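The lines below spell out each chain.
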Amino acid sequence: MTRKDLGFVDNLDRGGGRGPAARLGLAVQLCTLPWLGFVPDDIWAVPQAAVLRLANQLAVYPGMLEQYGRRAQTRSDHLKLVLKYLDWKPVPTRSEALKELEQFLLDRAMEHDSPSLLFHQAAEFLISARVVRPGVVTLMEMVATARTGAGALTSEKVDHLLTGPMRADLDRLLVHDPEIGTTRLAWLTTPAVEATPTSIKLAIGKLMYLRALDAHLLDLSMLPRERRRFLATLGRRSTVQGLKRRGERRFPILLAVVAQSAVDQLDEVIALFDQAVSGRESHAKAKTDEALAKRAKKGEARQLLMDVILPILVDPGVPDERVGGMLRERIGMDKLREVAAVRWKPLPRDHGRLAALEASYTYLRKFTPGCWPRLISRAGPAPRT
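Residues numbered from 1 in each chain as written. Predicted model: local features only at pLDDT ≥ 70, side-chain atom pairs only at ≥ 80, totals over all residues. Heavy atoms only, no water.

Peer 1: Would you mind showing me how to read the nonpolar core here?
Peer 2: Soluble globular proteins tend to pack their nonpolar side chains together in the buried interior. Counting 48 residues, the largest nonpolar core has Leu 101, Leu 105, Leu 170, Leu 173 and Leu 255 as the members making the most contacts within it. Residue contributions to this core peak at 9 residues, all from helix α13 (residues 250-314). Residues contacting Leu 101, with those up to four places away along its chain left out, are Ala 122, Phe 125, Leu 126, Leu 139 and Met 142. One finds Leu 58, Val 60, Leu 65 and Val 82 within the second-largest nonpolar core, a separate group that totals 27 residues. (Core = buried A, V, L, I, M, F, W, Y, C linked by side-chain atoms within 4.5 Å. Buried < 20%, exposed > 50% of the residue type's maximum accessible area, 1.4 Å probe, protein only. Helix = DSSP H or I, 4+ residues; strand = E, 2+ residues; numbered from the N terminus. Contact = heavy atoms within 4.5 Å.)

In structure tokens:
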């Protein structure tokens, strides 16, 4: 406690007088309220270390706390003194503080749906507002009301998007499709494992299915980003039976799933395409490097010949008519014929990388023609400059 706090406790002249038990009990309430946001009924269960510290500051025996507040009215009167001293407000009932808490919980419930997190956020909000926290049951009821309100508000905000055809399309996501062997929802929410032509074709098929639903045109900006993310995650993790049990509340969830899937699926198609092409390019690079290593090994014999030929050619003391004879004599005709028999073509600028990549043409043809045309087929007009 600060010196000011000690002065407040020492000036106690009501609700129990200046006795050591009253002073220690008042100090416990004074320190507990800003920390917890409320004062527990079982004030005697304060950690012993905290009691010892306060008793040392007040120069009283720690065990005096057991004698504090035998009358509930004493604790209540002291709490009123603490509230006035700290400028805190009592537990809200129908006050403005309660309305602010309800709106705060509704706003947070639009971002996430975790009851425990909402409870802790409400407690922190009340502490920051210097308002005493109500009981656990009361606060949990407010959390439940906020979660229900968030669901109703979500449905209200997206109701204009949930036309009859859209509801039918969303419900079809939950129906088992014999063509793919599962529901469209499970099909859409199962990501690709590797970048193979089959996986890329499947990803393109999902993208086209979503575009047929106009999922890429859905505008859910009226919902907070966190709410959209929460609904999409909930839809991906829920079972078909679980979604059906939600009744009308399933539609905003499925709407968020298809809207987010339209974005994610486009990213997946591009990523798979990039991985597939990069994989073939890496393969071409490895083949080129191997070919360059073999070329270097073959070129070693030519280099050795140049080490013999160049000194003779640049030596001014060797007459021109003697050059040929000296080279044949030092190198040998057999070696010269062996090296001359090897054809030596100059390398292109890319060292043959493009030619090596050309060998993957058949592989790339399995998915490339169906990829980019479909990616740009629904693109809007270019912006005017």
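Peer 1: I would appreciate a short explanation of the side chain of Asp 177 in the present structure.
Peer 2: Relative to the elements of secondary structure, Asp 177 occurs in strand β1 (residues 176-177). For Asp 177, the residues in contact, after removing those within four places along its chain, are Thr 182, Thr 183 and Arg 184.

Peer 1: Before we go on, may I ask you to explain helix α2 (residues 20-36) in this structure?
Peer 2: Note: α-helices contain 3.6 residues per turn, so residues at a spacing of three or four share the same orientation. Across its 17 residues, α2 extends 24 Å between first and last C-alpha, which sits within 8% of the 24 Å expected from 1.5 Å per residue. Counting buried positions along α2 yields 12 of 17 residues, so the element is predominantly enclosed. Along α2, the positions that sit buried rather than exposed are Ala 21, Ala 22, Arg 23, Leu 24, Gly 25, Leu 26, Ala 27, Val 28, Gln 29, Leu 30, Thr 32 and Leu 33. After α2 finishes, the residue Gly 37 shows a positive phi value of roughly 90 degrees. (Expected span 1.5 Å × (residues − 1).)

Peer 1: Explain the pattern of salt bridges to me, please; I cannot follow it from the model alone.
Peer 2: If the charged atoms of two oppositely charged side chains come close together, the side chains can form a pair. On inspection of all chains with the given rule, the structure shows 9 salt bridges. Here Arg 23 and Asp 10 are joined by a salt bridge, their closest N and O atoms 2.6 Å apart. With Arg 23 in helix α2 and Asp 10 in helix α1 (residues 3-10), this residue pair connects regions lying 13 residues apart in the sequence. The class of Arg 23 is buried, set by a relative accessible area of 15%. The class for Asp 10 is partly exposed, based on a relative accessible area of 34%. One salt bridge connects Glu 111 with Arg 108, and the closest N-O pair in it is separated by 3.1 Å. The partly exposed category is assigned to Glu 111, whose relative accessible area is 27%. A single salt-bridge network, built from bridges that share partners, covers Asp 159, Arg 167 and Glu 248. (Salt bridge = Lys/Arg side-chain N within 4 Å of Asp/Glu carboxyl O.)

Peer 1: Looking at this structure, how should I read the packing of aromatic side chains?
Peer 2: Remark: the centre distance and the inter-plane angle together describe each pair of aromatic rings, the angle taken between the planes. Enumeration according to the criterion identifies 3 aromatic pairs in this entry. Judged by centre distance (4.3 Å) and plane angle (15 degrees), the ring pair of Phe 8 and Tyr 85 falls under stacked. Linking Phe 8 in helix α1 with Tyr 85 in helix α4 (residues 72-86), this pair joins segments that are 77 residues apart in sequence. Ring plane angle 85 degrees and centroid distance 5.7 Å describe the contact between Trp 187 and Tyr 209, whose orientation is recorded as edge-to-face. In this pair, Trp 187 sits in helix α9 (residues 184-188) while Tyr 209 sits in helix α10 (residues 197-212), placing the two residues 22 residues apart along the sequence. Exposure class is identical for Trp 187 and Tyr 209. Each is buried. Against the face of Phe 251 rests Arg 167, its NZ or CZ located 4.7 Å from the ring centre. (Phe/Tyr/Trp six-rings, centres within 6.5 Å; stacked < 30°, edge-to-face > 60°. Lys NZ or Arg CZ within 6 Å of the ring centre and 35° of its normal.)

Purely geometric numbers; function is a separate question.
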